[in-house]
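Working through the structure, step by step
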Amino acid sequence: MYTVPDQSGRLIVITGANSGTGKEAARRIAAAGGEVIMAVRTLEKGETARAEILRQIPDARLDVRRIDLADLTSVREFADRLTAEGRPVDVLVNNAGVMAPPTRFETVDGFELQFGSNFLGPLALTNRLLPLLLRSERPRVTWMSSVAAVPGRIHFDDLQFTRSYSPWRAYAQSKLADLLAGLHLGAVSDERGWGLTSTIAHPGFTRTNLQSAGANLGRDKPRRSLFAGKNPFIPSQGVEQGAEPLLFAATYPYAPQGSYYGPNGFGGMTGPTTKVAVPRAARGADLGASLWTVAEALTSTTLPAAAGAETTD
């Protein structure tokens, strides 16, 4: 099991920290001395998760705050509060997401739910928090992707799937977008001399509520998903193991720029964490830069031109 190095004195923001890999990452980073802001959509669930962690780690430093990544106003308010406080953010972990709702839903701002929640919201949050991140001595942004990125494609002609919605193609696009964002941010950091490390992770097939939450969205009765819970035909792992790629990406001191971590077992679904190859789908020339430019226009946010500069609307 990966031992998180000492995080004393560091402030880590983790989205989706009330359950699954986000909650496990919060628990283990807090156990290593880090101060964690648990960024969650539902405060009650966040406080429940915080209480559970505190029962195991009484001296854990955990602060539950609300953010809805499907609402850019909520993203701005979350970032504005941190900005007003003025404390440097050492690590931003873009972990939260939704998986494959059966019908097409839209975010508050009119984006397809998965593209908006899994990619546009995290990118807007990243842009808005970059001034605080760049005040840290060792800033890092970590993005949660998925093995679904492998068959993914960025549908520039229909990013919002308005013409023909497919739950899994939309999910694959959003997770490929996260991977591309992580690679592009690292390249920009190197080009501009920011000293910020951008890393990516995927959890393989980890048993969390992500698989059932998306499949049941909008349904009157829960639907059992092929990917929910234990399935004898699909190798899977518990959240303790499944969170390790995210923890490596967020806390491993020697993680290279743009490194991508995931399980090294059968099909990349389970097993100990290793540095994995970027899939062919993410290797297109300037693909990440093009997508980032589109996303900035959609979210009305921009990267700072230099360290210490503020982002703009």
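Below or above, wherever it landed, is the structure these notes cover. (Residues numbered from 1 in each chain as written. Predicted model: local features only at pLDDT ≥ 70, side-chain atom pairs only at ≥ 80, totals over all residues. Heavy atoms only, no water.)

Re the pattern of salt bridges
- One pass over the structure, following the stated rule, counts 13 salt bridges.
- Here Glu 52 ties to Lys 23 by a salt bridge, and the two come within 2.1 Å at their closest N and O atoms. Here the residue Glu 52 occupies a position in helix 2 (residues 43-56), and Lys 23 occupies one in helix 1 (residues 20-31), the gap between them amounting to 29 residues.
- Owing to a relative accessible area of 27%, Glu 52 belongs among the partly exposed residues under this scheme.
- Overall, Lys 23 belongs to the partly exposed group, its relative accessible area being 22%.
- Glu 24 is the partner of Arg 28 in a salt bridge, and the nearest nitrogen-oxygen pair spans 3.3 Å. On the criterion of helical spacing, the pair formed by Arg 28 and Glu 24 is a turn pair, its members being four residues apart in helix 1.
- The class for Arg 28 is buried, based on a relative accessible area of 8%.
- A relative accessible area of 7% places Glu 24 in the buried class.
- Through salt bridges that share partners, Glu 24, Arg 27, Arg 28 and Glu 244 make up one connected network. (Salt bridge = Lys/Arg side-chain N within 4 Å of Asp/Glu carboxyl O. Helix = DSSP H or I, 4+ residues; strand = E, 2+ residues; numbered from the N terminus. Buried < 20%, exposed > 50% of the residue type's maximum accessible area, 1.4 Å probe, protein only.)

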